[in-house]
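Residue-level structural notes
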Amino acid sequence: MTSTTAVSEPELIEAVPLRHTGRWIAATIVLILVGLFIYGAATNDAFDWSTYWKYLFDKRISQAAVVTLELTVLAMILGIVLGVTLAVMRLSPNSVLKSTAWVYLWIFRGTPVYVQLVFWGLFTSIYRQVDIGIPFAVRLADFNLQGIDAAFTFAVIGLGLNEAAYMAEIVRAGISSVGEGQTEASVALGMTWAQTMRRTVLPQAMRVIIPPTGNEVISMLKTTSLVTAVPLTTDLYSKARDISGANFRPIPLLLVAATWYLFFTSILMIGQYYLEKRFARGSSRTLTNRQLQALADAQVESMESQEKR
Amino acid sequence: MSETATEKGADRPMVHAEQVHKNFGALKVLRGITLTVDRGEVLCMVGPSGSGKSTFLRCINHLETVNAGRLYVDGVLVGYSEKHGRLYELAPREAARQRRDIGMVFQHFNLFPHRTALDNIVEAPVQVKKTKKAAAVTKARDLLAQVGLSEKAHAYPAQLSGGQQQRVAIARALAMDPKLMLFDEPTSALDPEMVGEVLDVMVQLAQEGMTMMVVTHEMGFARKVSHRVIFMDAGKIVEDATKDDFFGTPRSERAQQFLAKILQH
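Note that the structure is a prediction, hence the values are computed from the model and not measured. (Residues numbered from 1 in each chain as written. Chains lettered and ligands numbered in written order. Predicted model: local features only at pLDDT ≥ 70, side-chain atom pairs only at ≥ 80, totals over all residues. Heavy atoms only, no water.)

1. Here we look at empty space enclosed by the protein
A probe as big as a water molecule, rolled over the atoms, marks out the empty space that is left. Throughout the structure, instances matching the rule amount to 2 cavities of 30 Å³ or more. What the largest cavity holds in volume is close to 40 Å³. As for the largest cavity, its lining consists of A:Ala185, A:Ala188, A:Leu189, B:Met104, B:Phe106, B:Ala169, B:Arg172 and B:Ala173. Of all elements in the fold, only helix 8 (180-188) of chain A together with helix 5 (162-174) of chain B reach the threshold of two or more residues within the lining of the largest cavity. In terms of residues, the lining of the largest cavity owes the most to one element, helix 5 of chain B, which gives 3 residues. Split by residue class, the lining of the largest cavity holds 7 nonpolar, no polar and 1 charged. Space inside the second largest cavity adds up to approximately 30 Å³. (1 Å grid on protein atoms, 1.4 Å probe; cavity = no way out; pocket = protein on both sides within 12 Å on 5 of 7 lines; lining within 4 Å. Points joined across faces, edges and corners; volume = space filled by probe spheres on them. Helix = DSSP H or I, 4+ residues; strand = E, 2+ residues; numbered from the N terminus. Nonpolar A, V, L, I, M, F, W, Y, C, P; charged D, E, K, R; others polar.)

In C-alpha cells, the structure reads:
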C-alpha cells in the first residue's frame, strides 16, 4: 500500500483463551479408570496374555481372517447389486416389479439372518438337484447339489440376499432424496433417463447412500461370524472357537478374534471417512483451500489495480 | 395454418401453438392456447399465478405433454410423431433429441450441486452432443465471461449467490447453442439487488437476436426488451399485444386490473 492511501488498521485481537476446566476434570477421571482397567487386565490370569500373543498371528487365525474378508466382500457385492436392482424396481412405475420387490423385502427383512443361514445350509436337503431346461418337457442339464461342498457359497448367498433387502432401502432413500428439479434440469438439457440417473441423480444420491453403506459393510464383517449356522467353519470366529475347543482357553482366543475384527472395522472406518468427504463435494458453503487462495489472489489483484489509478 | 408442419425455410415461426390444451386430471390448466412466436422475437408472458404460463412454457420442451391441440417448435411437432393421420408417442430418446436445442432456465436455477460452475456448463455438450471436452471447456469459459463470472469457474453452486447461480444456469443453457430460450420466472427467487444482474444478461441475449419466451413479473424488463407481451388468465391468452399497446392501453379489463395491481408498488 502506498502511504497516501494507507489507513492504519486496528491491531489483531490477542485475547486470553477460555479455560476448559470441565474437560480437564473429565480427562483425569477417565484416565484413572482406564489405568485401573489396564492394570486389572494385565494382572488377571484369566486373560492369559501369553496365549493371546501366541495365537494373535497364528497362521490358522490369519487364514480364517482372510475367509471372513472374502465373505464380507462377496456378500456385500451381491447385496449392493441386488439392492440397487430392488430399489429401482420399487421406484419403477411397473406395478408387478414394484410388488415383487416389496415381497422380497418383506421376507428377507422380516426373518432373522441366522434363521436364513440355517435354511441355506439345508438347501441341498430341500432341492437335491437343479435341472435346466423347459419345465415338465425338456431337460438340458442337471446339477447334483449334494455333490458339491457348498458351505462357503451358501454362506455368501445367505448373507448377500439378506443384505440386499437392507441395501434396497438405503439406495431408494438416496434416490428419493435428490430433488425433482435436478431431473428436470437434466432432461431439459436433452439428457436421457439413463444419463440423468448416472450423471445427475446417483452421484447426488451417493451422499445419502455412502454413510449407511459403510455401516452395512462394518456390520456385515461382524455378521459373518454367524455363518457357523450354515455351517461354515473356516471363518475367523469359528476357527477361534475350534482352537479354544482343543486347548480349553476360550478367553484369549475370543480376544484374538475380537482384535482382528476391530482391526478390520478400523480400516473400514477410515475408508468410509474419505468416501464421505469425497461425495460431500458441493454440499457446503465452506471454501476449499484452493478456492480461498483464488479469492485472496483476486482480492490482492483488485486492490493493486485500484491503487494504480 | 395446419400446414405449419410442412412449411420450409427460415421464415417459419419458431413456436407455433394451435388450440393447446393441458389437463392435470380434472384440472384444466391450459384451455386453448393459440400463439405464434417468430424468430428473434422476445415474448413476455405475464398473468396471475395459476394462469398456466409456466405450464405452457414446460409444454414447449415437452416437460409436460399436451392433451389436445398441436404444438410445433421450428416446424416440428412436439412430443409426438404424425404418420398417416395418427399421432404416435415419441420414444424417450427422440423426445430428448427434441429438447437439446431448446434452452430452459428455471425459477430455482436447478444447477447440479455436485459440479463446479464450469462443469455444470460443460456437462450437456459433452454428454449429450458428444463435444470434445477441451472444446466444451473453452466455450464454457467464454460463456462464463459473457455472464460476468469468469472468476467463479471452480466454485460450487452452494458457494454462489442466487444471482450468480442463475447466470451460470443461463450459461449452461446457452452451451447447447439453443435456437429458443425459455425462462420460467428467472428472477422470482432472487433478492431484489440481484435481479438486475440476471436481467442484464437477458437483455444482452435479447439484443443478440435470441428467440426468447419469458414468464416474468418484471414489468421493467418486459417494457425494456420484449417485442410482445401476452397476458394469460385461467388457461387462456386474454391479451396478445405489442409491448407499447400492452403497457399503454391494454384492451381487456382483466389485464388492466392486473397491471394496476402490479404497477402500484
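2. Some thoughts on the pattern of salt bridges
Tallied over the entire structure, the rule returns 20 salt bridges over all chains. Residues A:Arg90 and A:Glu169 are paired through a salt bridge, measuring 3.1 Å at the closest nitrogen-oxygen approach. Residue A:Arg90 is located in helix 3 (residues 59-91), and its partner A:Glu169 is located in helix 7 (residues 151-176); the two are separated by 79 residues in the primary sequence. Judged by relative accessible area, A:Glu169 falls into the buried class, the value being 19%. In this structure, B:Arg115 and B:Glu123 form a salt bridge, with 3.5 Å as the shortest nitrogen-oxygen distance. Via salt bridges that share partners, B:Arg12, B:Arg39, B:Asp74, B:Asp101 and B:Lys179 belong to a single interconnected network. (Salt bridge = Lys/Arg side-chain N within 4 Å of Asp/Glu carboxyl O. Buried < 20%, exposed > 50% of the residue type's maximum accessible area, 1.4 Å probe, protein only.)

3. Description of a negative patch on the surface
Taken together, the side chains of A:Asp297, A:Glu301, A:Glu304 and A:Glu307 present a region of like negative charge at the surface. Here A:Glu307 is to be found in helix 12 (residues 289-308). (Patch = residues over 30% accessible without salt bridge, like charges linked within 9 Å, V, L, I, M, F, W, Y side chains within 5 Å. Areas by Shrake-Rupley, 256 points an atom, 1.4 Å probe, with all protein chains shown as cover. Lys, Arg positive; Asp, Glu negative; His and termini not counted. Charge placed at Lys NZ, Arg CZ, Asp CG, Glu CD.)

4. Considering the sheet that holds strand 5 (residues 76-77) of chain B
Residue and element names in this part refer to chain B. The 4 strands lie next to each other as 2-1-4-5, forming an open sheet whose pairing is antiparallel. Edge positions in the sheet fall to strand 2 (27-37) and strand 5, since each of these pairs with one other strand and no more. Note that strand 4 (residues 68-73) and strand 5 share 2 bridges and pair antiparallel. When the sheet's bridge partners are listed, valine 73 is paired in strand 5 with valine 76. Of the strands in this sheet, strand 1 (15-24), strand 2 and strand 4 touch helix 1 (residues 53-60), which is tilted by about 65° from strand 2. (Pairing = 2+ DSSP bridges. Contact = heavy atoms within 4.5 Å. Axes fitted to C-alpha atoms, helices over the stretch in contact; angles between N-to-C directions.)

5. Considerations on the side chain of B:Glu64
Residue and element names in this part refer to chain B. Inspection of the secondary structure assignment puts glutamate 64 in the loop between helix 1 and strand 4. Taking relative accessible area as the criterion, glutamate 64 reaches 14% and is therefore assigned buried. Side-chain polar atoms of glutamate 64 contact the side chain of arginine 58, separated by 3.0 Å. Setting aside chain neighbours within four positions, we find glutamate 64 in contact with Lys22, Phe24, Arg58 and Cys59. (Polar contact = N/O pair within 3.5 Å; in protein donor to acceptor, adjacent residues only side chain to side chain.)

6. Brief notes about the packing of helix 3 of chain A against helix 7 of chain A
Working note: a packed helix pair is described by the angle between its axes plus the distance between those axes. Residues and elements named next belong to chain A. It is at 5 Å that the axes of helix 3 and helix 7 come closest, and there the two elements cross at 45°. With respect to their mutual orientation, helix 3 and helix 7 come out oblique. Here helix 3 runs over helix 7; the crossing is right-handed. Residue classes in the contact of helix 3 with helix 7 are distributed as 23 nonpolar, 4 polar and 5 charged. (Parallel < 35°, antiparallel > 145°, perpendicular 65-115°, else oblique. Left-handed = near helix turned anticlockwise from the far one by under 90°.)

7. Structural notes on the interface of chain A and chain B
With 26 residues of chain A at the interface, the matching set in chain B holds 30 residues. Of the roughly 2,400 Å² buried between chain A and chain B on both sides combined, carbon and sulfur atoms contribute 54%. Viewed at the interface, chain B and chain A are joined by 2 salt bridges. Put simply, A:Arg199 and B:Glu123 hold a salt bridge, and the shortest N to O gap is 2.8 Å. Linking chain A to chain B there are 7 residue pairs in polar contact (both at pLDDT 80 or more). If you list the elements that add at least two residues to the side of chain A that touches chain B, you get helix 8, helix 9 (193-223) and helix 12 of chain A. (Buried area = accessible area lost by both parts, 1.4 Å probe.)

8. Some remarks on helix 11 (residues 250-279) of chain A
Residues and elements named next belong to chain A. Its 30 residues place the ends of helix 11 43 Å apart at the C-alpha level, agreeing with the 44 Å of an ideal helix rising 1.5 Å per residue. Every buried residue belonging to helix 11 is among Pro252, Leu253, Val256, Ala257, Trp260, Tyr261, Phe264, Thr265 and Gln272, and all of these are buried. Each element contacted by the buried residues of helix 11 is listed here: helix 2 (49-56), helix 3, helix 9 and helix 10 (236-247). (Expected span 1.5 Å × (residues − 1).)

9. A look at the packing of helix 5 (residues 113-121) of chain A against helix 7 of chain A
All names here are of chain A. Running from N to C, helix 5 and helix 7 point in directions that differ by 145°, and their axes come no closer than 9 Å. Like other packed secondary-structure pairs, helix 5 and helix 7 cross with a definite hand, here right-handed. Where helix 5 approaches helix 7, its residues Val113, Gln116, Leu117 and Trp120 are matched on the opposing element by Phe154, Ala155, Ile157, Gly158, Leu159, Leu161 and Asn162.

10. Comments concerning helix 5 of chain B
With 13 residues, helix 5 of chain B extends 18 Å from end C-alpha to end C-alpha; this agrees with the ideal 18 Å at 1.5 Å per step. Burial runs high along helix 5 of chain B: 13 of the 13 residues are buried.

11. A word on the environment of B:Thr211
Residues and elements named next belong to chain B. With respect to the element layout, threonine 211 can be found in strand 10 (residues 211-215). The buried category is assigned to threonine 211, whose relative accessible area is 3%. Sequence separation between threonine 211 and valine 195 is 16 residues, and the spatial gap between their C-alpha atoms is 21 Å. Of the polar contacts made by the side chain of threonine 211, one reaches the backbone nitrogen of glycine 40; its length is 2.9 Å.

12. Some details on the sheet that holds strand 10 of chain B
All names here are of chain B. Taken in spatial order, the 6 strands of this open sheet run 8-9-10-3-11-12, and their pairing is mixed. On the outer flanks of this sheet lie strand 8 (102-105) and strand 12 (236-242), each paired with one strand and no other. Between one strand axis and the next, the sheet turns by 15° as a mean value, whatever way the strands run. Bridge analysis of strand 3 (residues 42-46) against strand 10 gives 4 bridges, and the strand direction is parallel. Looking across to strand 10, one finds that valine 42 is bridged to methionine 212. Where helix 5 meets the sheet, it contacts strand 8 and strand 9 (180-184), and its direction lies at approximately 170° from that of strand 8. Docked against the sheet, helix 6 (residues 192-207) engages strand 3, strand 9 and strand 10, running at close to 145° with respect to strand 10.

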